[in-house]
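# A closer look at the structure
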Amino acid sequence: MIDPFLKVTKSTDNVTIKFLDFTGQVDQAYLKEIFTEILSNKPKEVIIDLDQVDILGSLVISKILSFKNKTNNLEMTIKIVNVKPKLLEIFKQLNLDIL
């Protein structure tokens, strides 16, 4: 499946998920499928790149948090990068800036 809102790049040790032309919502089933596949492959690092994101819907934030919680017992680092100031403020209000 090709999703015009996501670009997933994989290498041996890491996976980068980049949101493209993002409007705040994405196909929840597809995002869950991506996260499930990543968990089964167990990369050392997952980078979620929000460079092109101005706002995230609550369901997307929920999926990211659920994914993060599932990685707690794995040797996997999750990094959220390129967060715009407005979105970072929302993350801080929700205590999500520690991800």
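Every chain's residues receive numbers from 1 upward, in the order its sequence appears when written. A pLDDT threshold of at least 70 governs which residues receive local features in this predicted model, and a stricter bar of 80 or more applies before side-chain atom pairs are shown or counted, although totals over entire chains, interfaces and linings include all residues. The basis for every side-chain value is the complete set of non-hydrogen atoms in the structure, without hydrogens or water.

## Some remarks on helix H1 (residues 28-41)
Strands are runs of DSSP state E lasting at least two residues, helices are runs of H or I lasting at least four, and both sets are numbered from the N terminus onward. Expected helix span is computed as 1.5 Å times (number of residues minus one). In this model H1 runs 20 Å from its N-terminal to its C-terminal C-alpha over 14 residues, within 8% of the 20 Å that 1.5 Å per residue would give. Looking at the buried positions of H1, the neighbouring elements they touch are strand S1 (6-10), strand S2 (14-19), strand S3 (45-49) and helix H2 (58-70). Once H1 finishes, Lys42 follows within two positions and takes phi at roughly 50°, a positive value. Whether two residues touch is decided by their heavy atoms; if any such pair falls within 4.5 Å, the residues are in contact.

## With respect to the confidence of the model for the protein chain
A residue's pLDDT is the predictor's confidence in that residue, given on a scale from 0 to 100. Across the protein chain, pLDDT averages 85, with 90% of residues at or above 70. Confidence, read as mean pLDDT per element, is least for H2 in the protein chain (86) and greatest for S3 (94).

## With respect to H2
The first and last C-alpha atoms of H2 sit 18 Å apart over 13 residues, in line with the 18 Å expected at 1.5 Å per residue. Whether a residue is buried, partly exposed or exposed follows from its accessible area with a 1.4 Å probe, protein chains only, as a fraction of its type maximum: under 20%, in between, or over 50%, in that order. Those residues of H2 that fall on the buried side of the exposure criterion are Val60, Ile61, Ile64 and Phe67. The buried side chains of H2 occupy one side of the element, clustering within an arc of 125° when seen end-on. Away from its buried face, by an angle of more than 90 degrees, H2 presents the exposed residues Ser58, Asn69 and Lys70. Summarising the contacts, the buried residues of H2 are in contact with S2, H1, S3, strand S4 (77-81) and helix H3 (85-93). An arc is given here, and it is the one of the directions from the helix axis to the C-beta atoms.

## Focus on the side chain of Asp49
Checked against the element boundaries, Asp49 lands in strand S3. Reaching out from Asp49, the side chain makes a polar contact with the backbone nitrogen of Asp51 at a distance of 2.9 Å. Ignoring any residue separated from it by four or fewer positions in sequence, one finds Asp49 in contact with Ile17, Lys18, Phe19, Val81 and Asn82. Throughout this description, a polar contact denotes any pair of N or O atoms lying within 3.5 Å of each other; where both atoms belong to protein, one of them has to be capable of donating a hydrogen while the other can accept it, and for residues adjacent in sequence the pair is counted only when both atoms sit in side chains.

## Structural notes on the sheet that holds S3
To summarise the sheet geometry, strands pair through backbone hydrogen bonds and adopt either a parallel or an antiparallel arrangement. In this scheme, strands are said to pair when DSSP sees at least two bridges between them. The strand order S1-S2-S3-S4 describes an open sheet built from four strands, whose pairing is mixed. Only two strands of the sheet have a single neighbouring strand rather than two, namely S1 and S4. Neighbour-to-neighbour, the strand axes of the sheet open up by a mean angle of 15°, direction not taken into account. Here S1 runs beside S2; their pairing, made up of five bridges, is antiparallel. From the neighbouring strand, Lys10 faces S2, where its bridge partner is Val15. Comment: axis = line fitted to C-alpha atoms, over the contacting stretch for helices; angle = value between 0 and 180 degrees taken between N-to-C directions. Sheet strands touched by H1: S1, S2 and S3. Its angle to S1, the strand with the most contacts, is close to 10°. Sheet contacts for H2: S2, S3 and S4; angle to S4, the most-contacted strand, approximately 150°.

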